[in-house]
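Residue-level structure breakdown
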Amino acid sequence: MAASADVMQGTLDLLVLKALSLAPLHGWGISQRIHQLSRDALQIGQGSLYPALYRLERKGFVKSEWKTTENNREAKYYKLTAAGHRALTEERADWRRFVEAVDLVLVAES
Amino acid sequence: MLIVDQARMWLRALLKRGRVESEMEKEMRLHLELEAQHRIEHGMSPREARRTAMVAFGGVERAKESVRDERLTRWLEELTSDFELALRGFRRQPAYTIGIITLIALGIGPNAAIFSVVNHTLLSPIPFRDGNRMVTLSATAGGGRILSARTKADVDLWRARARTVESITLVDPRQYTLGDTAHGPTERVRGVAFGPGATTFTGLHPLIGRDIAPSDTLASAQPVVLLSYALWQRLFGGQADAIGKSVVLNQLSYTVIGVMPERFAGPFWAGSSQLFTALRGVRPDHAADAIAKLRPGASVADANRELAAMFPKRDASKSEDVPFVERAIDRVGASSKRTIYLIFGAVSLVLLIACANVANLMVARAWTRQREFTIRSAMGARRGRLMRHVLVESVTLSLCGGTLGIAFAFGTLALLNRVPELAWQIGGARMEPIVLVWVFSLATATGVLFGIAPALFVSATRQTDALKAGSSSVAGHPSSRRLRAGLVIGEIALSVVLLVSSGLLIRTISAMQRADMGFQPAGLYGVEVLLRDTSFSDSTARHAALQLVLDRVRAVPGVRAATYSIGVPPDGVIGVGQLEIEGASVLEADSLATSNLSVAWPNVFAVLGVHILRGRAFNAYSDQSEIVVNDGFARRFFPGGKAVGGRIRRSGGPWATIVGIANDIEVPGAPNRINATHFYLALGAAPKSPTLLFRSDLPLARVAPVVTEAIRTANPRIKFGRTSAADDLVAGARGLQRFTLRMIGAFAVLALILVAFGLHATIAYTVSQRTRELGIRMVLGAQSHNVMELVLGQAIKLTAAGLIVGVYGGFLAGRSLRALLFHVAPLDPLSICAVGIILVAVSLIASYAPAQRAANVDPAETLRAE
């Protein structure tokens, strides 16, 4: 596992929003989804996942409710709100610009 | 997300803390289980899977803490625990806690009491409906120096035409003699005579009985009176059958028709009045004050523009009466406003001194608790958390102190309300809800204020330093020592301000007592003689009756001399305007001068003890063609020194010749006279209510009954007022100074006690910290008296520093007291020296016990103890 749990906070929020943009998930599901989507490259430290979820909920980007899983377990499911969708679009654009900028710097250096 | 949603979430986290916590617990457990299961599915053994899942999660408790941080309720939870911690600390140190709470209560209690006076007299002086819209009508004359009343005719005109004001009502503040002089004691009470509508003006109605009706104001109507609540309680014990009974006012019988609610007796714009009568049979030229309400939307300026248009000046070159209105609020207590602010300033200094004491104690304690804080911070407590802990402690203490302070405030207020001379100034100040708000804001503010010093101190100390220092007994951290010395010096300086102010007032009062007033008040008495009976309608009859009374009174044993005048000095002067001085065409901006006037029987100057400087006094043949003027009058209107022989007249009247110049009568502190000019008019037609002046060496209580008995036997139809002593009136003129001295003096004493306490605490603490050093000094040969001198020297040094700082403050205080001072400069060396001696004495007394303790230090013992 090459990934580090030390994902920058802003990045973590973006990843969580992206993971939730496809379907509502519970906490473990979110970390699994990010794991899969990154082709096993990213492993989210749970110590930062749950605070991030609470923070997003406070900001109104996600909503939570208790539902039963397919295995009949009680789990807290998180769902993206309209504001969350907007935030995702914005942050994705920001991220792109950031990556391009960093790329430019790195290219220039080499 | 909406703020509301955020708030809901926050509240849920706060109030349903258990549920939120268990949900979080459940969520994380599920996470671990799912992760483990996932690992099992990938071929791990169940045990290995659970272990690695835990590792991957990275510390459940830490994750929980991070979530809790996100919830933002943490500070409140910690606050609760800080509070519990503080209470536990207080229980451990009851003496310290009680001491601090008492100090705060001593600072806040009197402050709250005076604040309720401020609130009562200055902030909400007119607690009536539309009080803010209430205006009073006045006029200026004599170049704007004199406030005069308007006539009823003017007020009627105003009422008929005014657009900017409404509910115009005539009010006439009066003094009444309550009770029949022929039967028992009488007293002077303040009252207001007004027409119907004055009570509805305030939105208040009689508690029992009826209001003043229009028919009561007819000249032929029976006199009626409304009592204030307080007077009703006093005279009739609050019995409802008071209605219909009669009271004697100015020797006339008035029927009680109602009682006003308690609030009505409060500071009405004419001061606190005891009774309210109907303004009966007012002639158009009767001068009275008027009150009105601004119409909604109209300003004082609008009303004044309207007045100016209504009463245009006839001649721009002359300074005629200029009517104007001003807000009633601005007029209320205008004279006492300054004094009350001064006293409020004094009581605030006491609060500051108490605060300095408390901060001092807290810094001392913070120092001794250094180790506790260091250990807590070593165990991971954040610096902010420690600071907050100290703040929570001090705010809790000051809130407790505030609560106790309210009890003190009730006590202080009850005491103030019992002093009869203060009744007029503060009459009926109560603990209103706003005062409680004031107390608790004050308590919180002081808590934060004096909590900050120790809090900063705690946070500024490095851990290692503290741990090192904690084991030895060096005399405190240098910065702590400086801070504490600064606080003590500050509180001494503040007390100097109060003490110097008291000193200036004491010197003022004694200077006033010693002042040459131009007459001899000692042993001078006066009683108003009232010739109301129909048999006295003729001047000759009055003259005969008065002469008979005079002869009888002169024959009374113990009476040395007697005469008639109007009033007893310094009372009994009448202001007159429109004087013409012969030969002086232009005196000032206009030729109309004003002066004070009194009417005099021939030998009045001898009885008063006034000297004739030039010319002669009145003689038996003097009539109204002769006048005697005072020195001030002569100097002002006859600057050439040729007053005797000059002629003056009141506009349009007959000329009178100046026959003599009398010395000025000047009673320090007496209400501002229009100017220092005064003239005496010889008696013309016998007056209906002259004042019988007599001299006696006997005290008032012994001479008054004998003299009034002589009047009664001379002619039973003659009524008389209350006998008063000129000495009392002169002393009454110093009332404002005495009132201020009483208040500031009391606070100065309180300040002195607090300073003594603060000094004692500081010196005692330093001695306990320096025990080891003192032990070493003694081993090296210092004697007990050397050690004692060392400790006392420290106290004197602090006191001297405080004195130096305080003298400047005292000078500033003296300057703000200037209006009250008499023959004393704001920077009075004698007061300052006296204060210095008092403070040095107090500081020696306060530090004697710790010095003694230091001197008794057993060197062997102390050194072994280390």
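Residues numbered from 1 in each chain as written. Chains lettered and ligands numbered in written order. Predicted model: local features only at pLDDT ≥ 70, side-chain atom pairs only at ≥ 80, totals over all residues. Heavy atoms only, no water.

**Regarding the overall build of chain B**
What chain B contains, in helices and strands, is 28 helices and 25 strands. In chain B, buried positions account for 49% of the 866 residues. Counting only contacts in chain B whose residues sit at least 6 apart along the sequence, the fraction spanning at least 24 positions is 80%. Of the roughly 39800 Å² that chain B leaves accessible, carbon and sulfur atoms contribute 59%. (Helix = DSSP H or I, 4+ residues; strand = E, 2+ residues; numbered from the N terminus. Buried < 20%, exposed > 50% of the residue type's maximum accessible area, 1.4 Å probe, protein only. Contact = heavy atoms within 4.5 Å. Areas by Shrake-Rupley, 256 points an atom, 1.4 Å probe, with all protein chains shown as cover.)

**Observations regarding the overall build of chain A**
For chain A, the helix and strand inventory stands at four helices and three strands. Traced from its N-terminal end to its C-terminal end, chain A shows the element sequence α-β-α-α-β-β-α. Relative to its 110 residues, chain A shows a buried fraction of 44%. In chain A, 50% of the contacts between residues at least 6 apart in sequence involve partners at least 24 apart.

**Details of the interface of chain A and chain B**
The partner chain B presents 22 residues to the 22 residues of chain A that form the contact. Buried surface at the junction of chain A and chain B, summed over both partners, amounts to about 2300 Å²; 58% is from carbon and sulfur atoms. It is A:W28, A:Y54 and A:R58 that lose the most area in chain A upon contact with chain B, and together they represent 31% of the buried surface on that side. Counting every contact that joins chain A to chain B gives two salt bridges. Across the salt bridge formed by A:E74 and B:K26, the nearest N and O atoms sit 3.8 Å from each other. Across the contact surface, chain A and chain B share six residue pairs in polar contact (both at pLDDT 80 or more). Of all the elements in the fold, those that place two or more residues in the side of chain A that touches chain B are α2 (27–37), α3 (46–59) and β3 (74–80) of chain A. (Buried area = accessible area lost by both parts, 1.4 Å probe. Salt bridge = Lys/Arg side-chain N within 4 Å of Asp/Glu carboxyl O. Polar contact = N/O pair within 3.5 Å; in protein donor to acceptor, adjacent residues only side chain to side chain.)

**Digging into a nonpolar patch on the surface**
Judged by side-chain polarity, A:W95, A:F98, A:V99, A:V102 and A:L106 come together as a nonpolar surface patch covering roughly 420 Å² of accessible area. Tracing the backbone shows A:W95 in helix α4 (residues 82–109). (Patch = residues over 30% accessible without salt bridge, like charges linked within 9 Å, V, L, I, M, F, W, Y side chains within 5 Å.)

**A few points about the sheet that holds strand β1 (residues 25–26) of chain A**
All names here are of chain A. Strands sit in the order β1-β3-β2 across an open sheet of three strands; the sheet is antiparallel. For this open sheet the edge positions go to β1 and β2 (62–68), each flanked by a neighbour on one side alone. Contacting β2 and β3, α3 crosses the sheet at an angle of about 120° to β2. (Pairing = 2+ DSSP bridges. Axes fitted to C-alpha atoms, helices over the stretch in contact; angles between N-to-C directions.)

**Details of the packing of aromatic side chains**
The tally for this structure, following the rule as stated, stands at 10 aromatic pairs over all chains. Judged by centre distance (6.5 Å) and plane angle (40°), the rings of B:Y808 and B:F811 are tilted. Of this pair, B:Y808 and B:F811 are both found in helix α26 (residues 784–817), three residues apart, which corresponds to roughly one turn of the helix. Aromatic ring contacts, followed pair by pair, group B:F115, B:F344 and B:W438 into a single cluster. Lying over the aromatic face of A:Y77, A:K67 brings its terminal NZ or CZ to 5.3 Å of the ring centre. Cation over ring: B:K26 sits above A:W66, and NZ or CZ is 4.5 Å from the ring centre. (Phe/Tyr/Trp six-rings, centres within 6.5 Å; stacked < 30°, edge-to-face > 60°. Lys NZ or Arg CZ within 6 Å of the ring centre and 35° of its normal.)

**Details of the side chain of B:T508**
Residues and elements named next belong to chain B. Secondary-structure assignment places T508 in helix α18 (residues 478–514). One polar contact links the side chain of T508 to the main-chain amide nitrogen of F822, over a distance of 3.4 Å. With near-sequence residues (within four places) excluded, T508 lies in contact with Q737, L820, L821, F822 and V824.

**Comments concerning the pattern of salt bridges**
Residues and elements named next belong to chain B. Tallied over the full model, the rule gives 22 salt bridges over all chains. Notably, a salt bridge pairs D156 with R159, separated by 3.0 Å at the nearest N-O pair. Pair noted here: D156 and R159 are both in helix α7 (residues 152–161), with a separation of three residues, about one helical turn. Here D156 falls in the partly exposed class, since its relative accessible area comes to 28%. Classification of R159 as partly exposed rests on a relative accessible area of 40%. Note that R507 is salt-bridged to D828, the shortest N-O span being 2.8 Å. Note that R507 is positioned in helix α18 and D828 in the loop between α26 and α27 (829–855), a separation of 321 residues in sequence. Take R507: its relative accessible area is 27%, and that puts it in the partly exposed class. Three or more residues are tied together by salt bridges with common partners; here these are R133, E166 and R295.

**Here's the deal with the packing of helix α2 (residues 17–41) of chain B against helix α3 (residues 46–57) of chain B**
Two packed helices can be described by the angle between their axes and the distance between those axes. Residue and element names in this part refer to chain B. In the contact formed by α2 and α3, the axes pass within 8 Å of each other and the chain directions differ by 130°. The angle between the axes of α2 and α3 places the two elements in the oblique class. Remark: the crossing between α2 and α3 carries right-handed chirality. Seen from α2, the contacting residues are M28, H31, L32, E35, A36, R39 and I40; seen from α3, they are P46, A49, R50, T52, A53, M54, A56 and F57. Taken together, the residues that form the contact of α2 with α3 break down as 10 nonpolar, two polar and three charged. (Parallel < 35°, antiparallel > 145°, perpendicular 65-115°, else oblique. Left-handed = near helix turned anticlockwise from the far one by under 90°. Nonpolar A, V, L, I, M, F, W, Y, C, P; charged D, E, K, R; others polar.)

**Observations concerning the pairing of strand β7 (residues 224–227) of chain B**
All names here are of chain B. Residue alternation in β7 divides its side chains into two sets, V224 and L226 and V225 and L227, and both sets are buried. Where β7 and strand β9 (residues 252–259) come together, four bridges link them in parallel fashion. Within β9, the position partnered with L227 by the bridge is V259. Here three bridges tie β7 to strand β12 (residues 275–278), and the two strands are oriented antiparallel to one another. Bridged to V225 within β12 is T277.

**Side note on α2(B)**
A rise of 1.5 Å per residue sets the reference length of α2(B), with its 25 residues, at 36 Å; its end C-alpha atoms lie 36 Å apart and thus fit the reference within 8%. Taken from the residues just after α2(B), B:G43 is the one with a positive phi, measuring 100°. (Expected span 1.5 Å × (residues − 1).)

**Observations concerning the environment of B:I718**
Residues and elements named next belong to chain B. Structurally, I718 is set in the loop between α22 (700–714) and β25 (719–725). Spatially, the C-alpha atoms of I718 and A545 are 8.5 Å apart, while their sequence positions differ by 173 residues. Those residues in contact with I718, other than ones at most four positions away along the chain, are V529, L530, L531, F536, A545, V549 and I711.

**Let's talk about the environment of B:E861**
Considering the arrangement of structural elements, one finds B:E861 in helix α28 (residues 859–865). For B:E861, a relative accessible area of 48% corresponds to the partly exposed category.

**Regarding unusual backbone geometry**
The backbone phi angle of A:R39 is positive, close to 50°, even though this residue is not glycine. In this fold, A:R39 is placed in the loop between α2 and α3. Positive phi, normally seen in glycine, also occurs at B:H823, with a value near 60°. Following the sequence through the fold, B:H823 ends up in the loop between α26 and α27.

**Quick look at the nonpolar core**
All names here are of chain B. Of all hydrophobic cores here, the largest spans 91 residues; its most connected members are I100, I114, L498, F747, L759, L817 and L839. It is helix α12 (residues 334–368) that contributes the most residues to this core, 17 residues altogether. Beyond its immediate sequence surroundings of up to four residues, L759 is in contact with V488, I492, A795, L798, T799, S843 and A846. (Core = buried A, V, L, I, M, F, W, Y, C linked by side-chain atoms within 4.5 Å.)

**Describing the pairing of strand β4 (residues 165–178) of chain B**
Looking at chain direction, β4(B) and strand β13 (residues 287–294) of chain B are connected through five bridges and run antiparallel. Paired with B:E166 across the two strands is B:K293, which belongs to β13(B).

**Considering the confidence of the model for chain A**
Mean pLDDT over chain A: 81, with 89% of residues reaching 70 or higher. This model gives residues 1–6 of chain A a pLDDT under 50, and the stretch forms 10 contacts once residues within four places in sequence are excluded. (pLDDT = per-residue confidence, 0-100.)

**Section: the environment of B:A545**
All names here are of chain B. By the element assignment, A545 lies in helix α19 (residues 539–555). Using a relative accessible area of 8% as the deciding quantity, one classes A545 as buried. On a C-alpha basis, the gap between A545 and N715 in space is 7.3 Å, while along the polypeptide they are 170 residues apart. For A545, the contacting residues outside a window of four places in its chain are F536, N715 and I718.

**Details of the confidence of the model for chain B**
Residue and element names in this part refer to chain B. Put simply, chain B has an average pLDDT of 79, and 84% of its residues get 70 or more. The secondary structure element of chain B with the lowest average pLDDT is strand β10 (residues 267–268), at 46, and the one with the highest is strand β24 (residues 691–696), at 92. Segment residues 266–270: pLDDT under 50, and 17 contacts once partners within four positions in sequence are set aside and those in other chains are kept. Scored below 50 in pLDDT, residues 469–475 shows 10 contacts in the model against residues more than four places distant or in partner chains. This prediction of the complex comes with two scores: 0.67 for pTM and 0.81 for ipTM.

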